[in-house]
Every structure is written in C-alpha cells, then in structure tokens.
Amino acid sequence: MTFPDEPAAVGRDLPRRDGAVKVLGTATYAYETALDGPAYLHAVQSTIARGRVTELDTAAAEALDGVVAVLTPGTAERLASAGDRELAVLQDAEVAFRGQVLAVVVADSSEVARHAAALVRVGYAQVAHDVGLRADRADLYAPATVNPGLPTDTARGDVDAAMAAAEVTVEETYTTAMYHNNPMEPHATTALWDPAGDGFLTLWDSTQGVHATRAVLASLFGLDEARVRVVSPYVGGGFGSKGQPRVNVVLAALAARALPGRPVRLALTRRQMFSLTGYRTPTIQRCRLAAGRDGTLTAIAVDVVEQTSRIKEFAEQTGVPARMMYASPNRRTTHRLAALDVPVPSWMRAPGECPGMFGPEVAMDELAERLGIDPVELRIRNEPDVDPESGKPFSSRDLVGCLREGAARFGWSERDPRPGVRRRGDWLVGTGVAASTFPAFRMPRSTATVRREGGRYVAETGAADLGTGTWTTLAQIAADALGVPVERVEVRIGDTDYPPASVAGGSSGMATWGSAVVEAARALRDRYGSEPPDGAEASGSVGPADDRYAMHAFGAQFAEAHVHADTGEVRVPRLLGVFAAGRIINPRTARSQFVGGMTMGLSMALHESGVLDPRTGHVVNHDLADYHITANADVGAVEAYWLPEHDPHVNAMGSKGIGEIGIVGTAAAVSNAVWHACGVRVRDLPITLDKVLGALEERPGR
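Note that the structure is a prediction, hence the values are computed from the model and not measured.

Quick look at the overall build of the chain now. Across its full length, the chain holds 16 helices and 28 strands. Taking 2.2 N^0.38 as the reference for a compact globule, 702 residues should give roughly 27 Å; the C-alpha atoms of the chain span a radius of gyration of 26 Å, in line with that estimate. For the chain, the C-alpha atoms occupy an extent of roughly 75 × 70 × 50 Å along the three principal directions. The burial tally for the chain puts 60% of its 702 residues in the buried class. The long-range fraction of contacts in the chain, counting pairs at least 24 apart against all pairs at least 6 apart in sequence, stands at 81%. Carbon and sulfur atoms make up 50% of the accessible area of the chain, which amounts to about 25500 Å² in all. Placing the 70 positive and 85 negative side-chain charges of the chain at their respective mean positions leaves the two points 1 Å apart.

Here you go:
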C-alpha cells in the first residue's frame, strides 16, 4: 500500500467520530438497547470459597411481586458444552470460589431482582479452602505454556556460573499485587431469543470481540453460529476483561431462554466484577542480574510465581519481556503456578509485559546504583543487535532513541545521582527511569468489506471500539487506501452482521483490522478503478505476519517522585514517556492512549491492590470506595511523546499497537524515583507510606 503524501488522512489529528455522542450521552451501550418490556436479572453468589450447595430455598424470592423466574442448577437449562468451567454456570452444585454464581432471579425491575436475590437462602457443605500464594509452596507446577501459548521456561548459557563469576550482581525478589480491571461501563448484556422458537439469539453485549463472543455462545447452547447475533457498537472500557465472554453473557442468555420473546438485561455490579470478570494475578519475581564493571550484562534470570484458579488455568507471561529486552549471553526465565480456590485470573492491560517489566527494571536501577553508572546509560550499553531470544533481527527498535529523547525532555542531565539529597520544603525529591516494550501483534483472522454507497464509501468489519478511537482511525486508513478524503468514508463496526474481526486485544486491533481494510480497498480499486459505481464492493483479509523479524514497540518512562520527609506520603507530580511505536495513525487518539496507560501505571505503582482475606477467600476491598485507583487529584503532568518511525514489516500502515505500552515500565520508573528521593528501595507494590516511613525515621539528623 502506498499512502498519498498530501492531503493524507493517516497522521492527521482528527477528532473522534464517536466523541460527540458519548459526551452528549446519546451513545447506546449494551444495557441501554431500546427494547419493549425488558426483564432484569440479579445473581445469588457464594459466600464460601470451596464446598457444595446442599440447599437453595427460593420460596421467598419467588413469592415476591414482580419476580418472573428463579434459575438454579436444578431448573436452568443444560448447556451443550460445559468444558469451560468458568462459564458452566448453574450446571452443578459445586462451589469453587467465593462469589461464584449459585442462582439468578429475573424480575420486572432491577430493584425487585436485587431484593429477591437477597431472599434466597443457601445451605453449604463447606470444605477447607486454600488461597495463599507463596513462593515456597510445595505444590507449585509448571504450566504447559504461558499466555498466549509461549514457552513456559527458557534457558541460554549458564546463569549460575555467570552469577558466581560476575564482578557485580543483583539478586532480589519483587512483587506485584492483585489488580482488577475497573472499566467505567460494567460488564453488561441484553439478551433476546426469537419468540418463534427457532433458536435465534441476539445479544447486545459489552465486549471486546463480537465474533469471539458469538462463537462461545453458539458452542455453549449447541447452535450454529449463524443463529447468534452479537451487537456492541460502543464499549465503555475493557482493559482486557471484556476480551472473552464472562458469566454475565451466559446468565443473560440462560434467563432469556426461559422467557422467549422477552429481553433480559444484566449489568454486573462493581462488587460482582471483582469475582466474576477476571483480574491480574499477583506475582512474585526473583530477579538476578550479573554484570562487569563496565555495566555489560553477563546474566539475566527471572523466576516467576503466580496464581491460577483450581477450575481453569491462566498463566500470565510475566517473565517473557526479560527474554528479549537486553543483551546477555546467559539468560533464564521460568513460570510456576499455584492452583488456588480463587476466581479465574485473566487478561489485564499489557498482560505479561506490565508486571514483568517491574522486577527487571527496578533490578536494572539497583545494578546502576551498585556500578555507579547512570541508569539511562546502563540500558543503552546493553542494547542488543538482534532479538536475544529468537536471534531474529528487529523489524525496528529505537529504545535508545526513546531513552535519549526522554532524558533530554525530562532534564535528566541535571540529576544528582545520590539519593535523598534534593528537597523542596518538607518533600524529598527524586527522579527515575524505566524502559517499556510490547509486542507488535497482528492477529491471523480478520476480514473487511469496502463498498461504494450513495457516492460515499463504507468500510465494514466486526471490530470493537473500547474508547480507543477505532471509529476514527479505521476511516483514516480506509480513506488513504482508497485515495479519497476521509469525510467520504463511513465505518461500521461492532456487529456480527459485519465480516469477522479479531478481538480488540494485545494492542493488535488497528494492525489487524486496518490491514484487512487496506486489502479490501485495494481489491475494490483493482476491480473498479478510482471511481467505482454505486453498489460496487470488495472484501479483503489479513495475510500471515512476516515471521522473519522480531516485532515490538518500545518506550522510555521517566518519573518525578516526592516523598514527605515526616509522613512518608508519596506523590508523583510528573510523568514523561517517549515511545517508538511505528506510524501514528491519529496523534489525538494516540496521545490519549499513551497518557491513559501511564496514568494506569501510576495507579499500579501507588494505589491499586486487591486485598484477599485468607479466612474467606474474599477480596475485601471490592468496590471503588476501598480499591483506590488513581484519580485526577493524584495526577500531575503526564507528557507523552513519540519518535517518527515507519516499520514496513509489521503491516501495510507501518503502525504498531499503542493501547498497552503506556502502562509498561511506569510503576518501575516511579519506584526508582522514590528510591532516588529518599533512599528507600520499595520492591513490593504498591508504594505506600508505611513502606518508606520506617527508613525515613532512621535518617541522620532526625
């Protein structure tokens, strides 16, 4: 594909096409679909972590005025496929985790449904549960692969020998907490079965992938996929938690099946989302680095312990970024899981790279300290010529450029490397740096259709827009591929009536869907020329990715941290990130994604932590009153910049995904800045005042 020089749509700072309807409140989300006489669903959840239901007394709920149905394992329809135990809801009496759905109430209003659900009485045969994640557990095991099908362990050379022979080493353990996706729009579904009884299901669902949701629902209910339609034009955030169907989809479909012709709505409450919609596993990372006095790494090892559910395995690829980030002849990564009586962990923004860059990037800072080498310079000295893991050349890699540009913009050259020497009033001031990376994915399956319609062009594909700007950026790509002004292009997405598209995940959406749109536009022009007749259309699909190259985006994160000398309170008034992420389709939406990711990384660094009570298996801070996330008052200046980069190998646009790289490295940069401010090395997230206060009290002169 050759993009026109001027006036090109790609690269223009265009406003979001969906912006006005969202600001005005007229965008229709899944729960708000205009349908006659909907019923409402509310779930009854387990109050134990492991055991079996021995009694479900639904009489009081059924007697309540306005209740139209109560579904239990004894009355719910048998699913045709129940191999996925997370989605096999209301199929048996076993309890596998606290918060599991045991029954549902359907009523004429959401208030009645919720009240009736509280009237259901549950009896249990409870057995001992285990929710304790520790690195010394005897039952840790190695999964067959880690997400998304990568090798569990890797090894090159002899790490132990290199550590023993090294002039300088770092060997420390770092931990990240349990994190919960909290999109503004909860997981919500409206389901409707055709009243004619011909087995046609329509779902309006808050999902990152309409076609993936359709495939799962068709399998669960034993339907041909053509009998299921999923619609999702607008999604109020997802961060990975809506990347695959959750129990809300199955519950709504089951309840609507019992009421053919009547739509059923279900929106999970914020508290329910903490046990039913996935979360990021906590991690324990043992990191080992060995280096010569000149800073050249001779060994890198990351051994990860994390948790999964006893009923369904998910292995986050936490150790994977260490495989390719820096050059070293000796390297090792391992992953071990503890299968616990907990809900199923899943995708959360930048799985693997986000937690996996915390330990190694703080360890690199510790190594720089011990060597007396600037942390930016240390990273530059260990820049690899090729991918250390695969040996493949990088399609493009400009981490060094990001580090140098970021250092210049941040004022890094003025930094005194000594910790705890800068002060503004009662606040100790420090700065830190960390690198970031994320793979440049392109999914193998997506199709788009481009059609001339009424003098305009219409591009259709079943893509999703989570608030990332897909409505706008796909139009820009289509316009340049067709050689027409962007105003003449309309985009239609979020519906299985459109050609199949991959899930919006792995920062792969635009690379995949955009490539399909380019192919469709190219086919249209090849067939009909530059002025196709009305009604002319063509389709295109993505081809296989070029596997000759290692493809990644890179970035450098800089943070300024203030630590109160008396209270230990931590504030971060400034974040700055510079990224090399291929061609930027739309600077406005790109900046929003980078800034959003960095803010989420700040939240990870200072605030977020799911607190699991080992006595009950329950996340006790299961709402936004107690699970604190970074808000406007917590954020100072967040600056996002990018380097000009066109990578011809990744896709037709030369672009890389940007939805996730912003979060990667931010927490490490903040931790490194806190150390520089006060001399306290916090290796366990989040960085709370209690973790620095004790050391502050021991400072000389107090």
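Moving on, we come to the environment of glycine 123. Assignment of secondary structure puts glycine 123 in strand E6 (residues 121–126). Taking relative accessible area as the criterion, glycine 123 reaches 14% and is therefore assigned buried. For glycine 123 and serine 46, which are 77 residues apart along the polypeptide, the C-alpha to C-alpha distance reads 10.0 Å. Other than its neighbours up to four places away in sequence, glycine 123 contacts Arg52, Val53, Thr54 and Glu55.

With that settled, consider the pairing of strand E2 (residues 51–57). Two strands pair when backbone bridges link them, and E2 and strand E4 (residues 94–95) are joined in this way by two bridges, in the antiparallel orientation. Residue pairing across strands places glycine 51 opposite valine 95, the latter belonging to E4. Pairing geometry for E2 and E6, over six bridges, is antiparallel. By the bridge assignment for E6, leucine 56 is matched with valine 122.

One way to put it is that helix H12 (residues 470–482) packs onto helix H13 (residues 509–528) with a least axis distance of 9 Å and a crossing angle of 35 degrees. Considering only the axes of H12 and H13, their crossing is right-handed. The segment H12 lies against H13, with Thr470, Thr473, Leu474, Ile477, Ala478, Ala481 and Leu482 engaging Met510, Trp513, Gly514, Val517, Val518, Ala521, Leu524 and Arg525. The residue makeup of the contact of H12 with H13, split by class, is eleven nonpolar, three polar and one charged.

All right, on to the packing of aromatic side chains then. Overall, the coordinates contain 13 aromatic pairs when judged by the stated rule. A centroid spacing of 6.3 Å and a plane angle of 90 degrees characterise the contact between tyrosine 174 and phenylalanine 358, whose relative ring orientation is edge-to-face. Here phenylalanine 358 lies in helix H9 (residues 358–371) and tyrosine 174 lies in strand E10 (residues 168–176), a separation of 184 residues in the sequence. Taking the relative accessible area as the measure of exposure, phenylalanine 358 reaches 1% and is therefore buried. When the centroid spacing of 5.6 Å and the interplanar angle of 65 degrees are considered together, the rings of tryptophan 193 and phenylalanine 221 count as edge-to-face.

In this section: the nonpolar core. Counting residues in each nonpolar core, the largest one holds 103 residues, and the members touching the most others are Leu367, Phe558, Val670 and Val674. Contact partners of valine 674, with chain neighbours within four places excluded, come to Ala561, Val563, Val570, Gly679, Val680, Ile687 and Val692.

Walk down a regular strand and you will see the side chains alternate between the two sheet faces. Within strand E3 (residues 67–71), four of the five residues are buried, which leaves the element mostly enclosed by the surrounding structure. Of the strand pairs in this sheet, E3 and strand E5 (residues 101–107) are connected by four bridges, and their pairing is antiparallel. When the sheet's bridge partners are listed, valine 67 is paired in E5 with alanine 107.

So, about the sheet that holds strand E20 (residues 447–453). Strand order in the open sheet formed by four strands is E22-E21-E20-E23, and the pairing between neighbours is mixed. Single-partner strands in this sheet number two, and they are strand E22 (489–492) and strand E23 (537–541). In this sheet, adjacent strand axes meet at a mean angle of 20 degrees when their direction is disregarded. Bridge count between strand E21 (residues 456–460) and E22: four bridges; the pairing is parallel. Considered in E22, the bridge of valine 458 is made with glutamate 490. Packed on one face of the sheet, H12 meets E20, E21 and E22 and runs near 135 degrees to E22.

Criteria and thresholds
Residues numbered from 1 in each chain as written. Predicted model: local features only at pLDDT ≥ 70, side-chain atom pairs only at ≥ 80, totals over all residues. Heavy atoms only, no water. Helix = DSSP H or I, 4+ residues; strand = E, 2+ residues; numbered from the N terminus. Rg over C-alpha atoms; globule rule 2.2 N^0.38 Å. Buried < 20%, exposed > 50% of the residue type's maximum accessible area, 1.4 Å probe, protein only. Contact = heavy atoms within 4.5 Å. Areas by Shrake-Rupley, 256 points an atom, 1.4 Å probe, with all protein chains shown as cover. Lys, Arg positive; Asp, Glu negative; His and termini not counted. Charge placed at Lys NZ, Arg CZ, Asp CG, Glu CD. Pairing = 2+ DSSP bridges. Axes fitted to C-alpha atoms, helices over the stretch in contact; angles between N-to-C directions. Left-handed = near helix turned anticlockwise from the far one by under 90°. Nonpolar A, V, L, I, M, F, W, Y, C, P; charged D, E, K, R; others polar. Phe/Tyr/Trp six-rings, centres within 6.5 Å; stacked < 30°, edge-to-face > 60°. Core = buried A, V, L, I, M, F, W, Y, C linked by side-chain atoms within 4.5 Å.

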